[in-house]
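# An overview of the molecular structure
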Amino acid sequence: MEHGNSGFSEAGLRRLREVLARHVESGKIPGLVALVSRGGETHVEAIGTMRHDGGAPMRRDTIFRMASTSKPVAMAAAMVLLDECRLRLDDLVEPWLPELADRRVLKRIDSPLDDTVPARRPITVRDLLTSTFGLGMDMTSLGTPIMGAIFEQGLTPDLPEPMPGPDEWMRRLGTLPLMYQPGERWQYQISHDVLSVLVARVTGQSFETFLRERILDPLGMKDTAFQVPADKIDRLPTLYAPDPQSGEFHVWDEAKDGRWSRPPAFQGSGGGLVSTADDYHAYFQMLLNGGTHGSERILSRPAVELMTTNRLTPEQQAARHAMAVDNVHVSFGQGQHGGWGFGMAVRTYRGDYAPIGQFGWDGGSGASTYADPANQLTGILLTQVGMSVPDPARLIHDFWTTLYQAIDD
């Protein structure tokens, strides 16, 4: 392959492969698939095996659980509804989500659940899109009554029990007070799953059906879904969550008869998708192209700009920053560097090798997916080791460091 000024240097790609291989040879990462793309040139590495104890080799078409990297892709369904004026940014969500009407708000984050004041205003579509509607996974507030209730009610993925169906999930959510006033504070995760329900109710289709018709099929993302059909299950690796103390490999999810072997009760845009490196490349390339794929327009250019530039006020930003830097011991340094658009992080200051404006997100299953408009670059790194240990995060950091070194201008 010719490496001109458009893409990467041969030496840089060699170093990238050496660094990735070193992580696999260490025994900490059984296998990975990495895709890097720039200026029309795409380079893929598939290294290691599908299982910790060997098994089939990783391949370019290996299907991975995308965890939180589902968020940037699933968000596109809501953007279609904005483009078509079926939703407006400042519409109240109550007509579609009556469970969220007449909210009460905790007086303090550690208040008992009945120590509340009325919400100052109703929740809007914008609050959901920016993750500021008042509830979320706040790792700086573990041990509070509200965080306990969120876990007890089964409102988040990755608990031993799967989330209930959308209507029951919304009913349970509606029994809880908000942690903060609507629009006040950026909070992680829950808003994305509320959006899944909102899109389904507005369209009268399941969330996956609408996402498939409007985003996945037009982009040719044929392996992206909320489950893996039986004829593809051999392409899904075992997912591990190693023991944080000993590092011993524990199976988090087996492929056959595992969580993704059958349709989920809840199609959650916060973390439910499975996909491949090439599918995600098609999606992020569409964002870099300002919403087009070949000759077809998937999203309007303004919709893409809203998603991929910072939407948070300085006050909301402070909470997002606190979550990142106060949780380095939990996140192993992932997700720092600033802002948030719709469904993804956006770099608002230069904190490492990537420039301001890079957008995308990381997943707790050991995935990292970002695009960089300044360099017209996409990087996708997929593993099957969960973030219960720092190893996948260290691999992700090394991937981005070497990828940026490989730019050849």
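Scroll up to find the structure.
Structural notes, computed from the coordinates. Everything numeric here is computed off the predicted structure, so don't read it as measured data. (Residues numbered from 1 in each chain as written. Predicted model: local features only at pLDDT ≥ 70, side-chain atom pairs only at ≥ 80, totals over all residues. Heavy atoms only, no water.)

## Considering the overall build of the protein
In plain terms, the rule: Secondary structure is summarised from DSSP: a helix means a run of H or I of at least four residues, a strand means a run of E of at least two, and numbering begins at the N terminus for each. For this measure, only C-alpha atoms enter the radius of gyration; the expected value for a globule follows 2.2 Å times N^0.38, where N is the number of residues. A simple rule labels every residue: compare its accessible area, found with a 1.4 Å probe on the protein chains alone, to the largest value its type can have, and call it buried under 20%, exposed over 50%, or partly exposed in between. Whether two residues are in contact is decided by their heavy atoms: any pair within 4.5 Å suffices. For every accessible area listed, the method is Shrake-Rupley and the probe measures 1.4 Å; residues are considered covered only by the protein chains on display.
Within the protein, the secondary structure is distributed over 12 helices and 16 strands. Its C-alpha atoms give the protein a radius of gyration of 20 Å, within 12% of the compact-globule value 22 Å for 409 residues. For the protein, the spread of C-alpha atoms along the principal axes amounts to about 60 × 50 × 40 Å. Here the protein holds 409 residues, and 58% of them are scored as buried. Relative to all contacts within the protein whose residues are 6 or more apart in sequence, the contacts with residues 24 or more apart total 69%. Accessible area of the protein: about 16100 Å², with a carbon and sulfur share of 51%.

## Here's the deal with the side chain of threonine 369
Looking at where threonine 369 falls in the secondary structure, it is placed in strand 15 (residues 367–372). For threonine 369, a relative accessible area of 0% puts it in the buried group. Not counting residues within four places of it along the chain, the set of residues in contact with threonine 369 comprises Met66, Thr69, Tyr280, Phe284, Phe359, Gly360, Trp361, Gly379 and Ile380.

## Notes on the sheet that holds strand 13 (residues 345–347)
The test is simple: By the convention used here, strands pair only if DSSP detects at least 2 bridges between them. Working convention: axes come from line fits to C-alpha atoms, limited for helices to the stretch in contact. Angles between N-to-C directions cover 0 to 180 degrees.
Spatially, 8 strands are ordered 3-2-1-16-15-14-13-12 in an open sheet, and the strand pairing comes out antiparallel. Edge positions in the sheet fall to strand 3 (54–57) and strand 12 (338–340), since each of these pairs with one other strand and no more. Sheet twist, expressed as the mean angle between neighbouring strand axes with direction ignored, is 20°. Strand direction decides the pairing type here: strand 12 and strand 13, joined by 3 bridges, are antiparallel. The partner of glycine 338 across the bridge, within strand 13, is arginine 347. Sitting on the sheet, helix 12 (residues 391–405) is in contact with strand 1 (31–38), strand 14 (359–363), strand 15 and strand 16 (377–383), with an inclination near 155° to strand 16.

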